[in-house]
Amino acid sequence: MRRAREERRFVPGLGHPVHKVTDPRTPVLISIAEEEGTHGPHLRLFEAIGRVHPQVLGRTLPLNGAGTCGAALADLGLPADLLRGFALLARAAGLLGQLAEERRRPLGMDIYQAVEHGAVYVPPESP
């Protein structure tokens, strides 16, 4: 992780665009793994990274759901090179759910119009 930080590379499983402090899915996924007896070495390693990464990176990023799922699936014996595919499947299922919701209760155009006509650009402050 230190090398990745020095090379300014992405550290998989850390950070989330919406959940800035904690990803609410993470403790639920860990709890399910514990209840099912599948909480193994990959998930324990991922949790350890979560405990030490603030000291290494100099800031706290939440352990995200995708990283937690990847570690949990690796503990189930799934090949590591396929785990990104499972994340993609989960995102596709979420997208299908959003599309179904939009068909049932169309909100997209209302949201677009509210942003288009109500948003005000505020330039960032100079350092």
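Residues numbered from 1 in each chain as written. Predicted model: local features only at pLDDT ≥ 70, side-chain atom pairs only at ≥ 80, totals over all residues. Heavy atoms only, no water.

Asks: Quick question: what am I supposed to make of the pattern of salt bridges here?
Replies: Side chains that differ in charge, positive against negative, can pair when their charged atoms come close. Going through the model one piece at a time under the given rule, you end up with three salt bridges. Close ionic contact of Asp-23 with Arg-25 constitutes a salt bridge, the shortest N to O distance being 2.5 Å. Residue classification places Asp-23 among the buried positions, given a relative accessible area of 2%. A salt bridge links Glu-101 to Arg-104, with the nearest nitrogen and oxygen atoms 2.8 Å apart. Here Glu-101 and its partner Arg-104 are both found in helix α5 (residues 83–104), three residues apart, which amounts to about one turn of the helix. Note on Glu-101: relative accessible area 30%, which makes it partly exposed. (Salt bridge = Lys/Arg side-chain N within 4 Å of Asp/Glu carboxyl O. Buried < 20%, exposed > 50% of the residue type's maximum accessible area, 1.4 Å probe, protein only. Helix = DSSP H or I, 4+ residues; strand = E, 2+ residues; numbered from the N terminus.)

Asks: When you look at the confidence of the model for the protein in this model, what are you seeing that I'm missing?
Replies: Note that predicted coordinates carrying low pLDDT should not be read in detail. Confidence in the prediction for the protein averages 84 pLDDT; 87% of positions are at 70 or higher. Mean pLDDT per element in the protein: helix α1 (residues 2–6) is the minimum at 69, and helix α2 (residues 25–36) is the maximum at 94. (pLDDT = per-residue confidence, 0-100.)

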